[in-house]
Amino acid sequence: MTKLNNYTSYLVWDSSTRWFHWINAVAVMGLIIVGVLLWNDNALGFSDAGKIILKEIHATLGYVMSLNLLWRFVWAFLGNRYARWKAVLPGGPGYWRALRGYAAAFLAGEPQQYAGHNPIARIAITVMLLLLVIQAGTGLILAGTDLFWPPFGAWFARWVAAAGVDPASVSPLAVNTIDQAAYQAMRAFRRPLVTIHLYTFFVLS
Ligand code: HEM
């Protein structure tokens, strides 16, 4: 706490929370931009190799986003009182009264001032974190089905490897390393995940 003339300043957002915020913002913007290119890859005339490069850039940004998000979840147990779960998630003692009070004051044109997240922001942040978790979960599986990248890529490579081919040498552009029947079954498996990933992107954007 620092006193400046008549004002008192409090350290609300600790440095780890600030780093999370900006890394998340930059990664999500990048994911949206490359995601839009991927979504329209045929209309934009990308070659197969170009599509793979786009997916690699997108998935690399996705790893950054996912690890950053994971760290934020750990930090919600370790950080200062404004960074903790009970200051982020809705609920807990007095929450609903605080929410009604905040909404009433807001509608009366006199919004209450909060250090940290106000009760409505806690709902918004929770929805956003849930959407990011869905994107990270579906995206990491898609990085496995499309690029054979970790954490699930080795499993998908074993699924689609052609007879006698070492799964470690399966690669998206090396058609002769892939069993076509198994590949079609794997594509059918991933289809609903792509749909969830795309619709969550619509909601996030
Ligand atoms: C805020 C986060 C994210 C957004 C907004 C986003 C957005 C998108 C969009 C719009 C597409 C194109 C979908 C389509 O072609 O129908 C896409 C595809 C893809 N995303 Fe993400 N994504 C996010 C996070 C991630 C993460 C964390 C990963 C993995 C680490 C990932 C991996 C992929 C992959 C592999 C594809 C290609 C799927 C395909 O072939 O259609 N994404 N993403």
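Presented here is an overview of the structure given in this document. Numbering of residues begins from 1 in every chain and follows the order in which that chain's sequence is written. Owing to the predicted nature of the model, reporting of local features is limited to residues with pLDDT of at least 70; listing and counting of side-chain atom pairs is limited to 80 or more, with chain, interface and lining totals taken over all residues. To obtain the side-chain values, all non-hydrogen atoms of the structure were used and water was disregarded.

Quick notes on the coordination of the iron atom of the ligand
Reasoning step 1: For the iron atom of the ligand, every protein donor is listed as H58 (NE2) and H197 (NE2), and the spread of their distances is 2.0 Å.
Reasoning step 2: Considering all six donor atoms around the iron atom of the ligand, angles at the metal cover 87 to 179° and the coordination shape is octahedral. Taken as a pair, H58 in helix α2 (residues 48–78) and H197 in helix α7 (residues 180–204) lie far apart in primary sequence, 139 residues in all. An identical accessibility class is assigned to H58 and H197; each is buried. Only nitrogen, oxygen and sulfur atoms qualify as donors, provided they sit within 2.8 Å of the metal or within 3.2 Å for Na, K and Ca; with water excluded from the atoms, sites may seem incomplete. Every angle between 85 and 135 degrees makes a four-donor site tetrahedral, while opposite donors more than 155 degrees apart, with all other angles between 65 and 115, make a four-donor site square planar and a six-donor site octahedral; other sites are irregular. Runs of H or I in DSSP of at least four residues are treated as helices and runs of E of at least two as strands, each being numbered from the N terminus. Working definition: with a 1.4 Å probe on protein chains only, accessible area under 20% of the residue-type maximum means buried, over 50% means exposed, and in between means partly exposed.

Points about unusual backbone geometry
Reasoning step 1: Omega for the peptide link from P150 to P151 comes to 5°, which places this bond in the cis form.
Reasoning step 2: Of note, the phi angle at F148 is positive, near 60°, even though the residue is not glycine.
Reasoning step 3: Its location among the elements puts F148 in the loop between α5 (119–147) and α6 (153–160).
Reasoning step 4: Overall, F148 belongs to the buried group, its relative accessible area being 12%.

Describing the side chain of R72
Reasoning step 1: Secondary-structure assignment places R72 in helix α2.
Reasoning step 2: By the counting scheme adopted, Arg and Lys are positive, Glu and Asp are negative, and His together with the chain ends is not counted. One speaks of a salt bridge when a side-chain nitrogen belonging to Lys or Arg is within 4 Å of a carboxyl oxygen belonging to Asp or Glu. Although R72 is buried, it makes no salt bridge; D14 carries the closest opposite charge, 6.9 Å away.
Reasoning step 3: Dropping the residues within four chain positions of it, R72 is found in contact with T17, F20, A83 and V88. The contact definition used throughout considers only heavy atoms, calling two residues in contact when any of these lie within 4.5 Å.

Comments concerning the nonpolar core
Reasoning step 1: Definition of nonpolar core: a set of buried residues of the types Ala, Val, Leu, Ile, Met, Phe, Trp, Tyr and Cys, connected through side-chain atoms within 4.5 Å. Residues F20, A27, V28, L31, M65, L69, V88, L129, L132 and A136 constitute the largest nonpolar core, which totals 10 residues.
Reasoning step 2: Of all the secondary structure elements, the ones that give two or more residues to this core are α1 (15–39), α2 and α5.
Reasoning step 3: In this structure A27 touches L61, V64 and M65, once residues within four positions along its chain are discounted.
Reasoning step 4: F148, A157, V170 and I178 belong to the second-largest nonpolar core, a separate cluster that totals eight residues.

A word on the site of the ligand
Reasoning step 1: Lining the immediate surroundings of the ligand are 27 residues, of which K55, H58, D146, R190 and H197 lie closest.
Reasoning step 2: What qualifies as a polar contact is a pair of N or O atoms within 3.5 Å, subject to a donor-acceptor requirement within protein and to the restriction that residues adjacent in sequence count only when both atoms come from side chains. In the environment of the ligand, a nitrogen atom lies 2.8 Å from a nitrogen or oxygen atom belonging to the side chain of H58.
Reasoning step 3: Measuring from an oxygen atom of the ligand, one finds a side-chain N or O atom of R190 at 2.8 Å.
Reasoning step 4: Mapped onto the shell around the ligand, the elements with two or more residues apiece are α1, α2, α5 and α7.
Reasoning step 5: Per element, the largest residue contribution to the shell around the ligand is eight residues, and it comes from α5.
Reasoning step 6: Grouping the amino acids of the shell around the ligand by side-chain chemistry returns 17 nonpolar, seven polar and three charged. Think of it this way: one heavy atom of a residue within 4 Å of a molecule or strand is enough to make that residue near it. When residues are grouped by polarity, Ala, Val, Leu, Ile, Met, Phe, Trp, Tyr, Cys and Pro land in nonpolar, Asp, Glu, Lys and Arg in charged, and all others, Gly among them, in polar.

As for a nonpolar patch on the surface
Reasoning step 1: Among the surface-exposed residues, V36, W39, Y199, F202 and V203 lie close enough to one another that they form a single nonpolar patch of about 510 Å² accessible area.
Reasoning step 2: Those elements giving two or more residues to the nonpolar patch turn out to be α1 and α7.
Reasoning step 3: The dominant element in the nonpolar patch, judged by the number of residues it contributes, is α7, at three residues.
Reasoning step 4: Among the structural elements, V36 can be located in helix α1. The patch calculation keeps residues exceeding 30% relative accessible area without a salt bridge and links them within 9 Å when they carry like charges or within 5 Å when they are nonpolar (Val, Leu, Ile, Met, Phe, Trp, Tyr). All accessibility values rest on the Shrake-Rupley procedure with a 1.4 Å probe; residue burial counts only the protein chains present in the view.

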